[in-house]
Amino acid sequence: MNSHRGILITGGTGLLGLNWGQAVKDRFNVTLGLHQRRGVPPGTNGLDLPMNDAGKLTEAIEALDLELVVHAVGMTSVEACEADPQTAESVNVDMTAAIAEACQKTDTRLVHISTDHLFSGTRHGYTEELEIEPVNVYARTKADAEKVALERCPDALIIRTNFYGWGPSYRPSFSDWIISSLRTGKKVRLFNDVSITPMLATELARSVHEVVAKRGTGIFNVAGDDAVTKLDFGRSIAEIFDLDPDLIEPGRLADAKGLVRRPHDMSLSNAKTRALLGRPLGGVKEHLQILKKQEHSVLTRELANL
Ligand SMILES: NC(=O)c1ccc[n+]([C@@H]2O[C@H](COP(=O)([O-])OP(=O)(O)OC[C@H]3O[C@@H](n4cnc5c(N)ncnc54)[C@H](OP(=O)(O)O)[C@@H]3O)[C@@H](O)[C@H]2O)c1
């Protein structure tokens, strides 16, 4: 234990939780909330969290000297949420209510991780003010989670985003899948009719900490500067990692059979966050260059070993 203040990341074994912890563990005592997965990287602590129980969460938060809670628990599979709406509600909404209540009671800053998946996807560059139009169970539960977080903890910071990064061996990320497929000569099909504003997870953590330092509350889009199709994102990965772009085939969400309905355009405007931070948040190629540099770093090796 060092003299740093604490940060608790719920969903600490997920893609975002692990990358966030790695990004800040030299500045904070990082506690990663555990559920099924037990392994945590060196220099962080794992803690079982009673995510359904606001009273017990309050006790757990009181026992840690916390500056911040980042709530990154989520039932994140769109297909699984649609198949089991009750569990989706319990994980995405009820657990958010419990952690928000505990943060309010303990006067602890809460960052709630929301999504770019809240809209119907017929517009481009969604701002924080636009009315949300969820089109599936995942989106509806994430929309309800935002609402309940702000009801129970009015000074919460709600982050809408889309991210990628080096995942642990048990949960490869979108970028991991593209890179490993291209490296092993496998073809990948990527939608040319789905747009996102992707952000490297560690850059997302860095930007959110800046928003926190500037006392931002309410909803902020912390997303990349470039809106790209998933196809273009894959092609940029091929370019930066010097992989064969011909292995990438264009596909269309509109033609995909059997998938739960999802938005075509999920791009977020990050103008509000850029204005607060006084800097751009980073474009696709800039963040992919960082991803490339991270590949052989100790921090990424620690994730691969989990
Ligand atoms: N990935 C994206 O691009 C993206 C985009 C927008 C928003 N988000 C949001 O960002 C957040 C983090 O996403 P992610 O991609 O890091 O998710 P992830 O990799 O799927 O991890 C989810 C985390 O939640 C935990 N969890 C799941 N069910 C739980 C339960 N019943 N009780 C306690 N913990 C539970 C998991 O624990 P175990 O590992 O033990 O199962 C894991 O630590 C989510 O809220 C998601 O909605 C993600």
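Residues numbered from 1 in each chain as written. Predicted model: local features only at pLDDT ≥ 70, side-chain atom pairs only at ≥ 80, totals over all residues.

Around the ligand there are 25 residues in total, and Gly 11, Gly 14, Leu 16, His 35 and Gly 74 lie nearest to it. The residue inventory of the shell around the ligand, partitioned by class, reads nine nonpolar, twelve polar and four charged. (Near = placed C-beta within 6 Å. Nonpolar A, V, L, I, M, F, W, Y, C, P; charged D, E, K, R; others polar.)

Another point: the packing of helix 6 (residues 174-183) against helix 8 (residues 230-240). Relative orientation of the contacting elements helix 6 and helix 8 amounts to 55 degrees, with a least axis distance of 10 Å. In terms of orientation, helix 6 and helix 8 fall into the oblique class. Classified by chirality, the crossing of helix 8 by helix 6 is right-handed. Of the residues in helix 8, those touching helix 6 at Ser 175, Ile 178, Ile 179 and Leu 182 are Gly 234, Ile 237 and Ala 238. Tallied by class, the residues present in the contact of helix 6 with helix 8 amount to five nonpolar, two polar and no charged. (Axes fitted to C-alpha atoms, helices over the stretch in contact; angles between N-to-C directions. Helix = DSSP H or I, 4+ residues; strand = E, 2+ residues; numbered from the N terminus. Parallel < 35°, antiparallel > 145°, perpendicular 65-115°, else oblique. Left-handed = near helix turned anticlockwise from the far one by under 90°. Contact = placed C-beta atoms within 7 Å.)

Further remarks concern the nonpolar core. Of all hydrophobic cores here, the largest spans 85 residues; its most connected members are Ile 7, Val 69, Val 70, Ile 99, Leu 110 and Ala 201. Looking at which element gives the most residues to this core, the answer is helix 4 (residues 85-106), with nine residues. What Val 69 contacts, discounting residues up to four positions off in sequence, is Leu 8, Ile 61, Ile 99, Cys 103, Thr 108 and Leu 110. (Core = buried A, V, L, I, M, F, W, Y, C linked by C-beta atoms within 7 Å. Buried ≥ 20, exposed ≤ 12 C-beta atoms within 10 Å, placed from the backbone.)

Of the residues making up helix 6, those classed as buried are Phe 174, Ser 175, Ile 178, Ile 179 and Leu 182. Around the axis of helix 6, the buried residues are gathered within 125 degrees of arc, so they sit on the same side. Exposed residues on helix 6 whose side chains face more than 90 degrees from its buried face are Ser 180 and Arg 183. Those residues of helix 6 hidden inside the fold are in contact with strand 7 (163-164), strand 8 (188-191), helix 8 and helix 10 (284-294). The first or second residue beyond helix 6 is Gly 185, which carries a positive phi of 75 degrees. (Arc of directions from axis to C-beta.)

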